Amino acid sequence: MSADFKLSCVLFDLDGTLVDTAPDLISCLNHALDIHGFDAVAPEIIKPFISYGAAAMINAGQPLLDDRLKAAILETMLTHYQNNIAEHTVFFSGMADTLAAIEAQGLKWGVVTNKRERFTNPLMAALKLTERAACIVSGDTTANPKPHPEPMLLACKQAEVDPQECVYIGDALHDITAGKNAQMKTLAALYGYIKPGDTPETWGADALIESPDQISTWIASLSCR
């Protein structure tokens, strides 16, 4: 890492990085499966696919269904999720303290997610994060979602920071690729929803972090360079 790197803003993916949305998303999927006459799927089967969207979760749980039925399940799931956006969602252990530490250092932070605005904005509000975040960019805020750099650059514009003074933290390859495409530093969140077969060590992130606490450790290490 360049010795003259200046950190101004910490950007997070939402699901699987900033907050643990798995309990709500899995509950809503299983609710939809039940409505359409299917058995619930074990959380450990679905959880690794959350970062790739609701359709990927359905495919993981019921791969043999035809497209029409998958679409019906998806609509039921998303409607139920929108109406129960933060029943069981919580910060990952240590994340609340990490955000507080970022703010205490005078750094900005924000969210860039592929989650759609209809879910992102109510979720951020429910967690009382809207006013704290310097930027919130969803998967449909810009014409191109991650891994395209467009949402990353919009986040920087909203936060009034230079992309080269940002670090982006995510738990999927498209997160790290998006950050790199925008010339940001990147951290791969190993505590998130890592998909079977994923090899985060090959994604090209500047560091791998096993817990939110290590974000603060990484930031602190910058002053030692």
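Located above this text is the structure these notes cover.
Please read all numbers here as calculations on a predicted model, not as lab measurements.

This next bit is on the sheet that holds strand β5 (residues 135–137). Strand order in the open sheet made by the six strands is β5-β4-β1-β6-β7-β8, with parallel pairing throughout. Two strands lie at the open edges of the sheet, namely β5 and β8 (207–209), each paired on one side alone. Strand-to-strand twist of the sheet, defined as the mean angle between neighbouring strand axes without regard to direction, takes the value 20°. As judged from the four bridges shared by strand β1 (residues 9–12) and strand β6 (residues 166–170), these two strands associate in the parallel manner.

What follows is about the nonpolar core. L7, V10, F12, L18, M77, W109 and W218 are the most contacted members of the largest nonpolar core, which has 53 residues in total. In terms of residue count, the dominant contributor to this core is helix α1 (residues 22–35) (seven residues). Once residues lying within four places of it in the same chain are set aside, the contact partners of V10 are I102, K108, W109, G110, V167, I169 and I219. Counting 15 residues, the second largest nonpolar core, distinct from the first, contains V137, V161, C166 and Y168.

For any two helices packed against each other, the geometry comes down to the angle between their axes and how far apart the axes lie. It is at 10 Å that the axes of helix α3 (residues 54–61) and helix α4 (residues 67–83) come closest, and there the two elements cross at 125°. With respect to each other, α3 and α4 are oriented oblique. α3 and α4 meet at a crossing whose hand is right-handed. Across the interface between the two elements, A54, A55, M57, I58 and N59 of α3 pack against K70, I73, L74, M77 and L78 of α4.

Along β1, one buried face is formed by C9 and L11 and the opposite face, lined by V10 and F12, is buried too. Across four bridges, the pairing between β1 and strand β4 (residues 108–112) is parallel. In the strand pairing of β4, F12 is matched with V111.

A word on the packing of α1 against α4. At a minimum axis separation of 8 Å, α1 and α4 run at an interaxial angle of 130°. Judged by the angle between their axes, α1 and α4 are oblique. α4 is crossed by α1, and the crossing has right-handed handedness. Side by side, α1 and α4 meet where D24, L25, C28, L29, H31, A32, L33 and I35 of the first sit next to I73, T76, M77, H80 and Y81 of the second. Of the residues assigned to the contact of α1 with α4, the class counts are nine nonpolar, three polar and one charged.

This paragraph deals with the pairing of β6. Among the five residues of β6, five are classified as buried, and the element is accordingly described as predominantly covered. Of the two faces of β6, the one carrying C166, Y168 and G170 and the one carrying V167 and I169 are both buried. Where β6 and strand β7 (residues 185–189) come together, four bridges link them in parallel fashion. When the bridges of β7 are listed, G170 appears paired with A188. For the segment spanning β6, helix α8 (residues 173–181) and β7, crossover handedness is right-handed.

Glancing now at the state of the cysteines. Per the stated rule, a full pass over the model turns up zero disulfides. C166 supplies the cysteine sulfur nearest to C9, a cysteine that is in no disulfide, at a spacing of 4.6 Å. Assessed through its relative accessible area of 0%, C9 is described here as buried. The structure places no disulfide on C166, whose sulfur is separated from the nearest cysteine sulfur, that of C156, by 3.8 Å. Here C166 falls in the buried class, since its relative accessible area comes to 0%.

Rules used throughout
- Residues numbered from 1 in each chain as written.
- Predicted model: local features only at pLDDT ≥ 70, side-chain atom pairs only at ≥ 80, totals over all residues.
- Heavy atoms only, no water.
- Pairing = 2+ DSSP bridges.
- Helix = DSSP H or I, 4+ residues; strand = E, 2+ residues; numbered from the N terminus.
- Axes fitted to C-alpha atoms, helices over the stretch in contact; angles between N-to-C directions.
- Core = buried A, V, L, I, M, F, W, Y, C linked by side-chain atoms within 4.5 Å.
- Buried < 20%, exposed > 50% of the residue type's maximum accessible area, 1.4 Å probe, protein only.
- Contact = heavy atoms within 4.5 Å.
- Parallel < 35°, antiparallel > 145°, perpendicular 65-115°, else oblique.
- Left-handed = near helix turned anticlockwise from the far one by under 90°.
- Nonpolar A, V, L, I, M, F, W, Y, C, P; charged D, E, K, R; others polar.
- Right-handed = clockwise from strand over helix to strand, strands pointing away.
- Disulfide = S-S within 2.5 Å.

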